[in-house]
Structures are given as structure tokens and as C-alpha cells.
Amino acid sequence: MTPRLWGPHAWFGLATVVATFLADQFSKTWLIWGFRIAERGRVEVTPFLDLVMAWNLGISYGLFPLESMEGQLGLAAFKVVVSILLWLWLVRTSDWLTACGLALIIGGALGNAVDRVVYGGVADFFSLHLRGIGSNFHWYVFNVADVAIVAGVGVLLYESLLRKRPPGEAASRKE
């Protein structure tokens, strides 16, 4: 049986993947080459958000860093394979919300995969933090692709765990 590569929400999914990917790549290109964030150092945007230049050589949160180009290409290839598998899920779903979540994840994964190939690591810029009396907590540094991936996972969790459907709809959906 030949896998189906197009489905009811494929155009919507493709548009969301492309928009997510382009937003990520444009923000990275501008921050690296236009704004020159590496030369500026930490730039305070708000009392809880700074722009910084950080290179993620590992997976989420910088875990398991791979400093070699072979390691970066391996992680990029893994992201492409996962994106293909998620696309196969997207084209089979009849639910637009599921398609949206999957497309956000795919667009973000491909954006970070391109960074690994082009730069040898993922470019991250946004640093959330809490500063106050007795506290100075910094969350991890992230980028637009990371936001899309987290949002996509959130959409899938909402859709599968919390979304109310009319009785019988869940059983009759084709996914």
C-alpha cells in the first residue's frame, strides 16, 4: 500500500509549516546578521526578556551536546525523518487542530535542522528570566522554532486530552 502524501488539511498544514519555517529563519538571519546580536551581547528588551546569542549543540535544553559536524548532521537528519513521519500523520488526520499542531512542530523542527547544517548548531536568542529580591532565575534560551514546537505539542495535548467533542465524534473520526 502506497502511503498517502496529501489529505484534507494538507494545504493548511503546508502553509503553516512554511510560515513557521520562514518566521524562524527570518528572525535568526536578522538577529545574527542584521542586528548582530553576538557583537552586542545581552540586550534587555523587557524586565523579564533579554536577547542573547547562544548556540545549542545538543537536543532540547542543550542536553547531550554534540560538538562535531557529523553529530549536528545526524541530529538534523533525525529531525527531517521525524518531520516526514509527522507529515504522514498530518495528511491522514481529519481534524484541523491536529493538523495545526503537527505543522507547527514540523516547521520548527525543520528550522532548527537547517541551523545545524548551516551553522553547526541551533541559534537561540530569547532569554526569559525572573529578577527580584533574593531571586535571579534564568530559563533556557530559545528561538521561534522552539516556540512553534512547544505550541504544537500544546495543541496536540489540548486536542487529545481536553477538547470536548459531540458524543460519537471521536469514534467516527478517521486519523
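What counts and how
Residues numbered from 1 in each chain as written. Predicted model: local features only at pLDDT ≥ 70, side-chain atom pairs only at ≥ 80, totals over all residues. Heavy atoms only, no water. Helix = DSSP H or I, 4+ residues; strand = E, 2+ residues; numbered from the N terminus. Buried < 20%, exposed > 50% of the residue type's maximum accessible area, 1.4 Å probe, protein only. Contact = heavy atoms within 4.5 Å. Areas by Shrake-Rupley, 256 points an atom, 1.4 Å probe, with all protein chains shown as cover. Polar contact = N/O pair within 3.5 Å; in protein donor to acceptor, adjacent residues only side chain to side chain. 1 Å grid on protein atoms, 1.4 Å probe; cavity = no way out; pocket = protein on both sides within 12 Å on 5 of 7 lines; lining within 4 Å. Points joined across faces, edges and corners; volume = space filled by probe spheres on them. Core = buried A, V, L, I, M, F, W, Y, C linked by side-chain atoms within 4.5 Å. Pairing = 2+ DSSP bridges. Expected span 1.5 Å × (residues − 1).

Asks: Honestly, the overall build of the protein chain in this entry has me stumped. Any pointers?
Replies: A tally of regular secondary structure across the protein chain gives six helices and four strands. The order of helices and strands in the protein chain, counted from the N terminus, is α-α-β-β-α-α-β-β-α-α. The buried share of the protein chain, reckoned over its 175 residues, is 39%. A separation threshold of at least 6 residues defines the contact pool for the protein chain, and within that pool the share at least 24 residues apart is 68%. Working note: accessible area of the protein chain is about 10200 Å², and carbon and sulfur atoms make up 71% of it.

Asks: Would you take a moment to explain the side chain of asparagine 112 for this structure?
Replies: Within the fold, asparagine 112 resides in helix H4 (residues 96-119). Separated by 3.0 Å, the side chains of asparagine 112 and lysine 28 make a polar contact. Ignoring sequence-local partners within four residues, the contact set of asparagine 112 consists of Asp24, Lys28, Lys79, Val122, Asn143, Ala145, Asp146 and Ile149.

Asks: Please explain the layout of surface pockets as it appears in this structure.
Replies: It is the rolling of a water-molecule-sized probe over the atoms that shows where space remains empty. By volume, the largest pocket is sized at about 500 Å³. Taken together, 22 residues form the lining of the largest pocket, with Ile59, Ser60, Lys79, Asn112 and Ile149 sitting closest to its centre. Those elements that provide at least two residues to the lining of the largest pocket are helix H3 (69-92), H4, strand E3 (122-132), strand E4 (135-142) and helix H5 (144-162). No other element matches H3, which puts five residues into the lining of the largest pocket.

Asks: So what exactly am I meant to see when it comes to the nonpolar core here?
Replies: The tendency in soluble globular proteins is for nonpolar side chains to be buried as a group. Listed in full, the 12 residues of the largest apolar core are Ala10, Val17, Leu86, Trp87, Leu90, Val91, Ala99, Leu102, Ala103, Ile105, Ile106 and Leu156. Elements represented by at least two residues in this core include exactly helix H1 (10-34), H3 and H4. Here tryptophan 87 is in contact with Leu5, Trp6, Ala10, Gly13, Leu14 and Ile106, once residues within four sequence places are set aside. Counting 10 residues, the second largest nonpolar core, distinct from the first, contains Leu31, Phe35, Ile37 and Phe126.

Asks: Before we go on, may I ask you to explain the environment of leucine 157 in this structure?
Replies: Inspection of the secondary structure assignment puts leucine 157 in helix H5. For leucine 157, a relative accessible area of 46% corresponds to the partly exposed category. A sequence separation of 59 residues divides leucine 157 from threonine 98, and the C-alpha atoms of the two residues are 9.4 Å apart.

Asks: Can you help me understand the pairing of strand E1 (residues 43-46) in this one?
Replies: Along a regular strand, successive side chains alternate from one face of the sheet to the other. With three bridges connecting them, E1 and strand E2 (residues 49-56) associate as antiparallel partners. Residue pairing in the sheet places valine 43 in a bridge with leucine 51 of E2. Taking the residues that link successive antiparallel strands as the turn, the E1-E2 hairpin has two residues.

Asks: Help me understand H5, please; the structure alone is not making it clear to me.
Replies: Along its 19 residues, H5 runs 26 Å from first to last C-alpha, staying within 8% of the 27 Å computed at 1.5 Å per residue. For H5, every residue scored as buried is listed here: Ala145, Asp146, Ala148, Gly152, Val155, Leu156 and Glu159. Capping the start of H5 is the job of one residue whose side-chain oxygen sits 2.9 Å from the backbone nitrogen of alanine 145: asparagine 143.

Keep in mind these values describe shape, not function.
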